[in-house]
Structure formats: structure tokens, C-alpha cells
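# Inside the fold
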Amino acid sequence: MMDRLSSLRTQKRAYVYGVVEQVNGEWVFFDEDDEAHEFTSLPEEVELFRFGQWVKGWLSEDGDIYVTERYALKNGDRLRYIKPLSHAYEQWLSQLPDHAFFHFIHLMNEWNFSVYDCLYCYNYMLFAEKGVNFLMFDNSLDMCNVQHYFDDKQHRFELTLQTGKKIIGVQLDH
């Protein structure tokens, strides 16, 4: 079975893609929406597109990436990095037992949502052993509200689209 990190990295919309350019002596990252980002705002771990594939590397502020060796960036180089998740959402995902985690991802993907489409997460599991968590997702075509009911016996996910279409998925704890 795929591990959690691998399953997250294969999600649609998991990455922010863009190109780098040197502007007034400073390196700038332009994302897909042509928004400019300073290098200091990017995560240290990025991937560089070289020789037809994405290569993991670590970014330095001086415009070098350390892959297997030091690589000096050039204007137009393509980079990507994993989209950051909100703290509450990241905590919520990590608190789900494996079977519930993979079930949730499957339900979301069935409706063409990515784990990275999350706009809002209220994680009540940080405070209680039973209750409901509220999450909101937007994949740019549909909105999905997720209510996650949890206790010591089960995890129940209710997904509702703005059209009223609804699905319920239950995972029993063993």
C-alpha cells in the first residue's frame, strides 16, 4: 500500500509550478498565475525540471540549487514545490488512522477534489475524542463541504457539493 507522503505527492494540484527570472539582480519565482514571489518566501525543498524530469533539490538564496551537485539557476528554469497545508488541516490529516486517511482521499478523488483544494479546516479532534470536524474544498469547478464525525469506534465522512449531491463514507476502527 502507498504510504501517506507518497499519496499526498501524487494528488492533483499538489504542487505550485513556475519559472525563475533574475530581476534587478534578485531571483524571483513567477507562479502559474504570473504572481512574483521572493526566494525567501519559497520552501527550502524544491524540484527543478532538468532533462525531462523533476529533480529534488534544496534552494539557496544566492540562486543555486543543490541537487546531486550545485546547479546555478538560469532565467526560465522551471521549479515546483509542494503546496503548504494549513496547520489545522495538516494536524487533522496526521490524526486520522491510516484506513480513514486513505478512505477520505479516495472519496475526495472520486469527486475530482484534491487534498490540496482545502480552503478551511476546523479540527475539533485537537480538543476532543468525539465530535465533528468541518472542512471546505474548492477545485475551481465545485465546492465541497466535508463533515467528519469521529469517535472511538468510527470515522464518518459526509461530503456535500453545492448542487446538493451527497455521499457518506464510514470507516470502522478495528
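Structure's up top.
Residues numbered from 1 in each chain as written. Predicted model: local features only at pLDDT ≥ 70, side-chain atom pairs only at ≥ 80, totals over all residues. Heavy atoms only, no water.

## Topic: helix 3 (residues 98-110)
- Its 13 residues place the ends of helix 3 18 Å apart at the C-alpha level, agreeing with the 18 Å of an ideal helix rising 1.5 Å per residue.
- Taken together, the buried positions of helix 3 are Ala100, Phe101, Phe102, His103, Phe104, Ile105, Leu107 and Met108.
- Along its buried surface, helix 3 packs onto helix 1 (4-9), helix 2 (87-95), strand 10 (131-138), strand 11 (143-150), strand 12 (154-161) and strand 13 (166-172).
- Immediately downstream of helix 3, the backbone of asparagine 112 shows phi near 65 degrees, a positive value. (Helix = DSSP H or I, 4+ residues; strand = E, 2+ residues; numbered from the N terminus. Expected span 1.5 Å × (residues − 1). Buried < 20%, exposed > 50% of the residue type's maximum accessible area, 1.4 Å probe, protein only. Contact = heavy atoms within 4.5 Å.)

## A closer look at the pattern of salt bridges
- Per the stated rule, a full pass over the model turns up eleven salt bridges.
- Taking the shortest distance from any N to any O, the salt bridge between arginine 50 and glutamate 69 comes out at 4.0 Å. Taken together, the positions of arginine 50 in strand 4 (residues 45-50) and glutamate 69 in the loop between strand 6 (64-66) and strand 7 (70-72) put the pair 19 residues apart, joining distant regions of the chain.
- Two residues, arginine 70 and aspartate 64, come together in a salt bridge whose shortest N-O distance is 2.4 Å.
- Judged by relative accessible area, arginine 70 falls into the exposed class, the value being 56%.
- By relative accessible area, aspartate 64 is classed as buried at 5%.
- Put simply, Arg9, Glu45, Glu47, Lys56 and Arg80 are held in one network by salt bridges that share partners. (Salt bridge = Lys/Arg side-chain N within 4 Å of Asp/Glu carboxyl O.)

## Some words on the sheet that holds strand 12
- Spatially, 9-10-11-12-13 is the arrangement adopted by the five strands of the open sheet, whose pairing is antiparallel. With partners counted over all chains shown, the strands left at the sheet margins are strand 9 (118-122) and strand 13, one partner each. Going across the sheet, the axis of each strand differs from the next one's by a mean of 15 degrees, ignoring polarity.
- Alignment of strand 11 against strand 12, held across seven bridges, turns out to be antiparallel. For cysteine 144, the partnering residue across the bridge sits in strand 12 and is leucine 161. (Pairing = 2+ DSSP bridges. Axes fitted to C-alpha atoms, helices over the stretch in contact; angles between N-to-C directions.)

## Some details on the sheet that holds strand 2 (residues 26-31)
- Judged by pairing direction, the sheet is antiparallel, and its eight strands sit side by side in the order 3-2-1-8-4-5-6-7 without closing on themselves. Both outer strands of the open sheet, strand 3 (36-38) and strand 7, are each paired with one neighbouring strand and no more. For this sheet, the mean inter-axis angle between neighbouring strands, taken without regard to orientation, is 40 degrees.
- Bridging between strand 1 (residues 15-23) and strand 2 involves six bridges; their strand directions are antiparallel. Following the sheet pairing, glutamate 21 is matched in strand 2 by valine 28.

## Section: the environment of tyrosine 122
- With respect to the helices, strands and loops of the structure, tyrosine 122 is situated in strand 9.
- Relative accessible area serves as the criterion here: at 32%, tyrosine 122 is assigned to the partly exposed category.
- Note: C-alpha distance between tyrosine 122 and alanine 88 (34 residues apart in sequence) is 6.8 Å.
- Not counting chain neighbours up to four residues away, the residues in contact with tyrosine 122 comprise Phe127, Asn133 and Phe134.

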